[in-house]
Structure formats: C-alpha cells, structure tokens
Amino acid sequence: MCKKISQVMLTTFLVLGLAYGAHAEVKESKEAQASAPKATNMVTAYPLQADVLPQIPPTPASIKDTEAITKWVNAVNAYMDAAQKYIDGATDDLNHIVEQRNMAIENANKVVAEYNAFFEKHQVKK
C-alpha cells in the first residue's frame with residue numbers, strides 16, 4: 001500500500017513538473033513577472049530582457065542621412081551583441097536549472113526506492 005501511494009505521489013509530482021515546464025510562458029513585463037508562479041527556488045527575480053538590453057534603436061528618417069545611418073548601424077550591432085549575450089546567458093541558466101531539476105528527480109526516485117525496499121524487507125509475512 002505504501003509503495004503504491006509513494007509511486008502515485010512521485011508520478012504526480014513528475015507529471016505536474018513536466019506539464020508546468022512545457023506550458024510555461026515567457027514573461028516580458030514587470031507585471032507579468034509579478035504574477036509568476038509562487039513555487040520558485042530563486043531568491044531574486046530573474047533579470048528581464050527589457051531591463052538588460054539597450055533601447056531598440058530607432059530607424060533613421062532618411063536613407064540619405066549617412067551620419068544617422070552609421071549611428072543606427074552601430075546601435076543595431078550593439079543591440080544584437082547585447083541580445084545575444086542575454087540569450088546565451090538565459091540558455092545556460094535554463095540548462096543548469098534543468099540539470100539540477102533532473103538531479104533532484106533522480107535523488108527523489110532513489111529515496112522512494114529505498115523507502116519501498118525498507119518496508120518490503122520488513123514486511124510481516126502471513
């Protein structure tokens with residue numbers, strides 16, 4: 001009985017965790033982050049792209065304004081470098097989080113297996 005309950009609880013935990021991860025939406029505003037799920041291990045808010053990236057460079061008014069075009073091209077390049085740095089960092093952060101989550105799942109499975117083995121070993125035979 002205990003074994004079955006443990007398996008159901010662990011399966012439910014894993015399914016809910018996977019479902020949450022598969023359906024999580026990207027939050028792009030401070031209001032959206034404020035309504036983020038309450039179950040978190042983060043001690044500070046994750047940096048929003050809007051707070052990290054420079055402003056999107058405005059397009060020049062005319063193709064004939066070479067000085068404005070040059071400044072714009074430089075601003076676009078700077079924006080793209082900053083965006084790539086943010087994207088790479090976010091990807092690395094996510095990979096680390098998934099790695100740690102997978103380790104937690106593996107350890108939880110070990111604990112449940114030890115729990116079940118303990119009670120199976122000490123089960124009173126009739």
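All values reported here derive from a predicted model rather than from experimental measurement.

Draft legend 1. Up close: the overall build of the protein. From N to C terminus, the protein includes 4 helices and 0 strands. If you list the helices and strands of the protein from N to C, you get α-α-α-α. Burial analysis of the protein (126 residues in total) assigns 10% to the buried set. Across the protein, contacts joining residues at least 24 apart in sequence account for 55% of those joining residues at least 6 apart. For the protein, the computed accessible surface area is about 10800 Å², with 62% contributed by carbon and sulfur atoms.

Draft legend 2. Main features of a nonpolar patch on the surface. Taken together, the side chains of Tyr115, Phe118 and Phe119 define a hydrophobic patch exposed on the protein surface, amounting to about 310 Å² of accessible area. Checked against the element boundaries, Phe118 lands in helix H4 (residues 66–121). Its relative accessible area of 47% is what places Phe118 among the partly exposed residues.

Draft legend 3. Broad picture of H4. Compared with an ideal rise of 1.5 Å per residue, which puts 56 residues at 82 Å, H4 spans 81 Å between its outermost C-alpha atoms and is within 8% of the ideal. Taken as a whole, H4 has its buried residues at Tyr79, Ala83, Ala90, Ile105, Val112 and Asn116.

Draft legend 4. Representation of the pattern of salt bridges in the model. As enumerated under the stated definition, the model contains 2 salt bridges in all. Across the pair Lys71 and Glu67 runs a salt bridge whose closest N-O atoms are separated by 3.5 Å. Here Glu67 and Lys71 lie together in helix H4, a separation of 4 residues that amounts to about one turn. Here Lys71 and Glu67 have matching classes, each one exposed.

Conventions used here
Within every chain, residues take consecutive numbers counted from 1 along the sequence as written. Since the coordinates come from a predicted model, pLDDT governs what is reported: local features require at least 70, and pairs of side-chain atoms require 80 or more to be given and counted, while whole-chain, interface and lining totals use all residues. As a rule here, side-chain values come from all non-hydrogen atoms in the structure, and water together with hydrogens is ignored. Here a strand is any run of E in DSSP of at least two residues, a helix any run of H or I of at least four, and the numbering for each starts at the N terminus. Residue burial is assigned from relative accessible area. The probe radius is 1.4 Å, only protein chains are included, and a residue is buried under 20% of its type maximum, exposed over 50%, and partly exposed in between. For this analysis, residues touch if any pair of their heavy atoms sits within 4.5 Å. Using a 1.4 Å probe, accessible areas were evaluated by the Shrake-Rupley method; residue-level cover was limited to the displayed protein chains. Patch building starts from residues that exceed 30% relative accessible area and form no salt bridge, then joins like charges within 9 Å and nonpolar side chains (Val, Leu, Ile, Met, Phe, Trp, Tyr) within 5 Å. One speaks of a salt bridge when a side-chain nitrogen belonging to Lys or Arg is within 4 Å of a carboxyl oxygen belonging to Asp or Glu. Helix span, as expected, comes to 1.5 Å for every residue beyond the first.

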